[in-house]
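Topology and contacts: notes
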Amino acid sequence: MDWYVRDGSETVGPMDWWDLEVGVRSGEISNKGHLQNDVDGEWIPIKEYFSRLDREKGDAFGGLMPNGKDVIFLLGVFTFFIGVGSLFLNNFLGYGILMISLAMEFGSVYFSHRNDPGSATKNVGNVIALLWAGFQGLITAGIIIFTLA
């Protein structure tokens, strides 16, 4: 089965399912367009189709930030603790690691919100992740101020 993607006036295809899914999940293909297969022939919004597909697979929750973004967020949290530990070795190394941690966390929330179809669970997960990242930002600022003083 061949798939076609239409975004505005531009139509791309034919492509196989694997290329389509990888393109949409990675953000190479915008989820704001429409897709069509050569069997059904009807244009369906990409966001709606992939959201329905996730629900049918039993992945309605899909993690708090689905499609790998939750892994990036959790790596950011882990990196935070490594950064705090590295403060004992070298303050500037610790500051750098703490900043990388914050960038990973905020980046994962941003890309989760930007690229993935939304659901109530995913939005709640993003809000919780933002609250943690904000709290961690305050902790990081406090650590930097305390160690520089």
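Here, the structure is the one placed above.
Source: prediction; values computed, not measured.

Before going further, it helps to spend a moment on the pairing of strand β3 (residues 34-37). In this structure, strand β1 (residues 3-7) lies alongside β3, joined through 4 bridges in antiparallel fashion. Residue pairing for β3: W3 is matched across the bridge by N37. Connecting the antiparallel pair β3 and strand β4 (residues 44-45) is a turn made up of 6 residues, with G41 showing a positive phi of about 80°.

W3, V5, M15, L20, V24, I29, L35, I44, I46, Y49 and F50 together form the largest nonpolar core, which totals 11 residues. Elements with a minimum of two residues in this core: β1, α1 (17-26) and α2 (46-56). Ranked by residue count, the leading element in this core is α2, at 3 residues. Non-local contacts of V24, meaning those with residues more than four positions away in its chain, are made with I29, I46 and F50. Among the nonpolar cores identified, the runner-up in size contains 6 residues, and F80, Y95, L98 and I144 belong to it.

Next up on the list: the packing of aromatic side chains. Evaluation of the coordinates by the stated rule reveals 5 aromatic pairs. An angle of 50° between the planes, with centres 5.8 Å apart, marks the rings of W132 and F135 as tilted. On the criterion of helical spacing, the pair formed by W132 and F135 is a turn pair, its members being 3 residues apart in helix α5 (residues 120-148). You can call F135 partly exposed: its relative accessible area is 44%. Of the aromatic side chains, those joined through ring pairs into one cluster are F80, F81, W132 and F135.

Examined against the element boundaries, G41 turns out to sit in the loop between β3 and β4. Considered as a pair, G41 and Y4 are 37 residues apart in the sequence and their alpha carbons are 9.7 Å apart.

Criteria and thresholds
- Residues numbered from 1 in each chain as written.
- Predicted model: local features only at pLDDT ≥ 70, side-chain atom pairs only at ≥ 80, totals over all residues.
- Heavy atoms only, no water.
- Pairing = 2+ DSSP bridges.
- Helix = DSSP H or I, 4+ residues; strand = E, 2+ residues; numbered from the N terminus.
- Core = buried A, V, L, I, M, F, W, Y, C linked by side-chain atoms within 4.5 Å.
- Buried < 20%, exposed > 50% of the residue type's maximum accessible area, 1.4 Å probe, protein only.
- Contact = heavy atoms within 4.5 Å.
- Phe/Tyr/Trp six-rings, centres within 6.5 Å; stacked < 30°, edge-to-face > 60°.

So, to be careful, I would describe these as geometric facts and stop short of saying anything about function.
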